[in-house]
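Listed below, chain by chain, are the residues.
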Amino acid sequence: MKVGILTSGGDCQSLNATMRGVAKTLYNKVKNVEIIGFIEGYKGLMYGDYKVMTPSDFSGILTEGGTIIGTSRQPFKLMRTPDKDGNDKVELMKKTYKKLKLDCLVVLGGNGSQKTANLLREEGLNIVSLPKTIDNDLWGTSMTFGFQSAVNIASDAIDCIHTTAASHGRVFIVEVMGHKVGWLTLHAGIASGADIILIPEIPYDIDKVVDAIKKRTKAGKRFSILAVAEGAISKEDAKLSKKEYKAKLAASPYPSVSYEIGKRIEEKTGQEIRVTIPGHTQRGGSPCPYDRVLSSRLGAEAAMMIIEKDYGKLVGIKHDELVRIPLEDVAGKLKMVDPDSSIIKEAKALGISFGD
Ligand code: F6P
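Residues numbered from 1 in each chain as written. Predicted model: local features only at pLDDT ≥ 70, side-chain atom pairs only at ≥ 80, totals over all residues. Heavy atoms only, no water.

1. Some thoughts on the site of the ligand
Near the ligand you find Arg 73, Ile 134, Asp 135, Met 177, Gly 178, His 179, Glu 230, His 280 and Arg 283, and these make up its full shell. Asp 135 is positioned with one of its side-chain polar atoms (N or O) 2.7 Å from an oxygen atom of the ligand. In this structure, Gly 178 approaches the ligand through a main-chain N or O atom, which is 3.4 Å from an oxygen atom. Looking at side-chain class alone, the shell around the ligand contains two nonpolar, three polar and four charged residues. Formed jointly, the shell around the ligand draws a minimum of three residues from each of two domains, domain 1 (2-146 + 287-330) and domain 2 (150-283). (Near = heavy atom within 4 Å. Polar contact = N/O pair within 3.5 Å; in protein donor to acceptor, adjacent residues only side chain to side chain. Nonpolar A, V, L, I, M, F, W, Y, C, P; charged D, E, K, R; others polar. Domains from an automatic or database assignment.)

2. A closer look at the sheet that holds strand S2 (residues 34-38)
The seven strands are arranged S3-S2-S1-S4-S5-S10-S11 in an open sheet whose pairing can be described as mixed. The open sheet has two free edges, formed respectively by strand S3 (50-53) and strand S11 (321-326), since each of these has just one partner strand. Adjacent strand axes in the sheet meet at a mean angle of 25 degrees when their direction is disregarded. Sheet analysis places S2 next to S3, joined by four bridges and oriented antiparallel. Bridge pairing in S3 places Gly 37 opposite Lys 51. (Pairing = 2+ DSSP bridges. Helix = DSSP H or I, 4+ residues; strand = E, 2+ residues; numbered from the N terminus. Axes fitted to C-alpha atoms, helices over the stretch in contact; angles between N-to-C directions.)

3. Notes on the pattern of salt bridges
What the rule picks out here adds up to 23 salt bridges. Lys 51 is the partner of Asp 57 in a salt bridge, and the nearest nitrogen-oxygen pair spans 2.9 Å. Under the relative-accessibility criterion, Asp 57 is labelled buried at 19%. In this structure Lys 51 comes out as partly exposed when scored by relative accessible area, which is 37%. A salt bridge links Asp 310 to Arg 324; its shortest N-O distance comes to 2.8 Å. Taken together, the residues Asp 310 in the loop between helix H11 (289-307) and strand S10 (313-318) and Arg 324 in strand S11 connect sequence positions 14 residues apart. Assessed through its relative accessible area of 17%, Asp 310 is described here as buried. One salt-bridge network, in which partners are shared between bridges, spans Arg 80, Asp 88, Glu 91, Lys 94 and Glu 123. (Salt bridge = Lys/Arg side-chain N within 4 Å of Asp/Glu carboxyl O. Buried < 20%, exposed > 50% of the residue type's maximum accessible area, 1.4 Å probe, protein only.)

4. Some details on the state of the cysteines
On inspection of all chains with the given rule, the structure shows zero disulfides. The cysteine Cys 160 is free of any disulfide, with Cys 288 supplying the nearest cysteine sulfur at 17 Å. (Disulfide = S-S within 2.5 Å.)

5. Some thoughts on the nonpolar core
The biggest cluster of nonpolar side chains holds 59 residues, and the ones touching the most others in it are Leu 26 and Leu 130. Counting residues per element, this core draws most heavily on helix H5 (residues 147-168), which supplies seven residues. Residues from two domains meet in this core; each of domain 1 (2-146 + 287-330) and domain 2 (150-283) gives at least three. Ignoring any residue separated from it by four or fewer positions in sequence, one finds Leu 26 in contact with Met 1, Val 3, Val 33, Ile 35, Ala 303, Ile 306 and Ile 307. Core analysis: the second largest hydrophobic core is formed by 25 residues, Ile 36, Val 90, Leu 92 and Leu 100 among them. (Core = buried A, V, L, I, M, F, W, Y, C linked by side-chain atoms within 4.5 Å. Contact = heavy atoms within 4.5 Å.)

6. A closer look at the domain arrangement of the protein
For the protein, the domain assignment lists domain 1 (2-146 + 287-330) and domain 2 (150-283). Of note, the centres of domain 1 and domain 2, computed from C-alpha atoms alone, are 34 Å apart. Across the boundary between the two partners, domain 1 contributes 11 residues, which contact 10 residues of domain 2. Considering only the side of domain 1, the residues that lose the most area to domain 2 are Gln 13, Ile 134 and Asp 135, jointly responsible for 51% of the buried surface there. For the pair domain 1 and domain 2, the number of links is one salt bridge. When the shortest N-O distance is used, the salt bridge between Arg 283 and Asp 11 registers 2.9 Å. At the boundary of domain 1 and domain 2, one finds four residue pairs in polar contact (both at pLDDT 80 or more). (Buried area = accessible area lost by both parts, 1.4 Å probe.)

7. Considerations on the packing of helix H6 (residues 183-191) against helix H13 (residues 342-349)
For the pair H6 and H13, interaxial distance at closest approach is 12 Å and the crossing angle is 35 degrees. Here the hand of the crossing between H6 and H13 comes out left-handed. From H6, Leu 186, His 187 and Ile 190 reach across to H13, where they touch Ile 343, Ile 344 and Ala 347. Residues of the contact of H6 with H13, tallied by class, amount to five nonpolar, one polar and no charged. (Left-handed = near helix turned anticlockwise from the far one by under 90°.)

8. A closer look at unusual backbone geometry
Phi at Lys 101 takes a positive value of approximately 55 degrees, unusual for a residue other than glycine. For Lys 101, a relative accessible area of 66% puts it in the exposed group. Of note in the backbone geometry, His 319 takes a positive phi value of approximately 50 degrees without being a glycine. Following the sequence through the fold, His 319 ends up in the loop between S10 and S11. Its relative accessible area of 78% is what places His 319 among the exposed residues.

9. Observations regarding the environment of Ser 8
Among the secondary structure elements, Ser 8 is positioned in the loop between strand S1 (2-7) and helix H1 (15-29). We classify Ser 8 as buried; its relative accessible area is 3%. A sequence separation of 331 residues divides Ser 8 from Pro 339, and the C-alpha atoms of the two residues are 30 Å apart. Beyond its immediate stretch of four places on either side in the chain, Ser 8 contacts Tyr 42, Thr 71, Ser 72, Leu 108, Gly 109, Gly 110, Ser 113 and Lys 132.

Shown next as structure tokens:
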């Protein structure tokens, strides 16, 4: 049996743990298996850049962050745009797959990568895919690997800000990753006692945000903490078309939304505002134990699918049971935070403001 594997898109802490889960199970259960690791994701598949892996490559990597075979962003929307030499990228990938006589390709990726995985499936390749992303926004699975590790880091960042904010009596904004969805900000915000949480799914009214800060000041609290997603958006901006909003952001003098929010709060309250951005630290370091378990389980299940030739599916988890979801159902769909969900209601009941 010959199995290709690649890690695609933004990295996360638990990629190696997941690949280890796949490899360990295959080595355990299949007599004769060769695993080919494509270097830097789909790029390696396009240009035949790969490494023949051995069991020792997958040894000792359960706790290691990053990815031992590298990754890169290869946007789905450019997949049918010829490369610099005029080659069709999908055809290049099919050619490598066929040349190597692979039985299947294992893809560890987020939203864009799943769309490409589905495209390759439509083109006749045998695909088994795994849900990677710190954003937890993949449709069909209640959890993606990487998310809980990122929640830990973002929460640690907010915890640290808490003590200094309290000492100085300042308003702090901690900007958490997530341009399209707010899962990470929501969980890290609740986990570390943020007073205000702003996420893309719930457009904010700056006056409501200011009211929440003033209410705290009135109650004798000297500081306030805002957890703000990279993609947080005001009610006015949410009315703009995608194109108009993109143009507005491009012309903005602020490096990110948090700085604009900070400036507007400063103007309205006269209070000193600081912005902290943990940025890519949220994708770094070793996976938390939750992710190590999830990745090991998902990896083992992916290997079972390969053995059973159950292709064209993503392995996910629902109610603690692993599920196999057809790729055509997953591709192109985002799992967003529902503003009417119970977690939002509970957060509001706790007194957290969403600025709405
Ligand atoms: O999709 C994962 C993610 O970390 C997002 O949360 C973040 O907005 C984006 O990637 C950052 O992308 P890049 O690493 O390309 O700067």
